[in-house]
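# Structure at a glance
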Amino acid sequence: PTFRLKGNLVHFAGYKKHIGFYPTPSAIEAFKDELGDYPHAKGSVQFPLNRPVPYDLIRRIVQFRVRQVQG
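Report follows, based on the coordinates. (Residues numbered from 1 in each chain as written. Predicted model: local features only at pLDDT ≥ 70, side-chain atom pairs only at ≥ 80, totals over all residues. Heavy atoms only, no water.)

### A few points about the nonpolar core
Put simply, the test is: Only buried residues count toward a nonpolar core, which is a set of Ala, Val, Leu, Ile, Met, Phe, Trp, Tyr and Cys residues joined through side-chain atoms within 4.5 Å. Each residue's exposure class comes from its accessible area (1.4 Å probe, protein chains only) as a fraction of the maximum for that residue type: buried when under 20%, exposed when over 50%, partly exposed otherwise. Counting from the N terminus, the helices are DSSP H or I runs at least four residues long and the strands are E runs at least two residues long. Any two residues whose heavy atoms approach within 4.5 Å are treated as being in contact.
Counting residues in hydrophobic clusters, the biggest one holds 14 residues, and the most contacted among them are Phe21, Phe31, Leu35, Val45, Phe47, Leu57 and Ile61. If you list the elements that add at least two residues to this core, you get strand 2 (8-14), helix 1 (25-30), strand 4 (45-48) and helix 2 (55-70). Take this core: its biggest share by element is four residues, from helix 2. Not counting chain neighbours up to four residues away, the residues in contact with phenylalanine 21 comprise Val10, His11, Phe12, Gly43, Ser44, Val45, Phe47, Ile58, Ile61 and Val62.

See below:
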């Protein structure tokens, strides 16, 4: 699914072994220290299904994106 707010806000995708989260490169950069334990790339992060989902981190990343979009 894609969540939109004045355009694309964040995307999610389900895979066999992980949840893909796509919050844009700026969000990955802003939270890179907290994402250190998770596989991540320029604009994406993988949350393995064999670990608890970091809901608090996801919420804070989404809030960051909302602030960016609302400028």
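### Some remarks on the packing of aromatic side chains
The cut-off we apply is this: Whether two aromatic rings pair depends on their centres lying within 6.5 Å, for rings of Phe, Tyr and Trp, where Trp uses its six-membered ring; planes under 30 degrees apart make the pair stacked, over 60 edge-to-face, and the rest tilted.
Evaluation of the coordinates by the stated rule reveals five aromatic pairs. Here the aromatic rings of phenylalanine 3 and phenylalanine 12 are separated by 6.0 Å at their centres, their planes lie at 85°, and the arrangement is edge-to-face. One aromatic cluster in this structure is built from Phe3, Phe12, Phe21, Tyr38 and Phe47.

### Some details on the pairing of strand 3 (residues 18-22)
Side-chain positions along a regular strand alternate between the two faces of the sheet. Quick note on the threshold: Any two strands with at least two DSSP-identified bridges between them are counted as paired.
Inspection of the sheet shows strand 2 paired to strand 3 by four bridges, in the antiparallel sense. The residue of strand 3 that forms the bridge with histidine 11 is tyrosine 22. Between strand 2 and strand 3, which follow one another and run antiparallel, lie three residues. Note: strand 3 against strand 4, four bridges, orientation antiparallel. Within strand 4, the position partnered with phenylalanine 21 by the bridge is valine 45.

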